[in-house]
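# Architecture at a glance
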Amino acid sequence: MAKELNEDSGFKVSIKTLIGIGAAMATVISMWFMLQADIAEARELPIPPPQDVTRMEFDMKDQMIRNTIMTTQEDVKELKETVRRIEDKLDRR
């Protein structure tokens, strides 16, 4: 037999259940307001820092690195030549 819902229908809810529902609603509502406050604070806080490296400074550092690589390459060539000489001397003995 199916029950009909009408204005005379009723249901029973314990006080424990009502307190639980109220606590859950209070938790959700407080989380919502805390989230909104955090979002508002986050909108104000991040100020982009000024650009630390200018284009000219970047170009100068890039050129310095390239020069260092070239001088290192020349040093390696000199070391290779020195190693060849040492090997030749050792082979002669």
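Residues numbered from 1 in each chain as written. Predicted model: local features only at pLDDT ≥ 70, side-chain atom pairs only at ≥ 80, totals over all residues. Heavy atoms only, no water.

### Overview of the overall build of the protein
For the protein, the count of helices and strands is two helices and zero strands. Here the C-alpha radius of gyration of the protein, 39 Å, is well above what a compact globule of 93 residues would show, namely 12 Å. The principal-axis extent of the C-alpha atoms belonging to the protein is close to 115 × 40 × 25 Å. Only carbon and sulfur atoms are counted for the fraction: they give 62% of the accessible area of the protein, which is about 9,800 Å². In the protein, 14 side chains carry a positive charge and 17 a negative one; their mean positions are 9 Å apart. (Helix = DSSP H or I, 4+ residues; strand = E, 2+ residues; numbered from the N terminus. Rg over C-alpha atoms; globule rule 2.2 N^0.38 Å. Areas by Shrake-Rupley, 256 points an atom, 1.4 Å probe, with all protein chains shown as cover. Lys, Arg positive; Asp, Glu negative; His and termini not counted. Charge placed at Lys NZ, Arg CZ, Asp CG, Glu CD.)

### Thoughts on the pattern of salt bridges
Summed over all chains, the structure comprises five salt bridges. Across the pair Asp-59 and Arg-55 runs a salt bridge whose closest N-O atoms are separated by 3.6 Å. Residue Asp-59 and its partner Arg-55 are located together in helix α2 (residues 55–92), separated by four residues, close to a single helical turn. Between Asp-62 and Arg-66 there is a salt bridge whose closest N-O contact spans 3.0 Å. One end of the pair is Asp-62 and the other is Arg-66, both in helix α2 and four residues apart, which spans about a single turn. In the salt-bridge network here, residues are joined through shared partners; they are Glu-81, Arg-84 and Arg-85. (Salt bridge = Lys/Arg side-chain N within 4 Å of Asp/Glu carboxyl O.)

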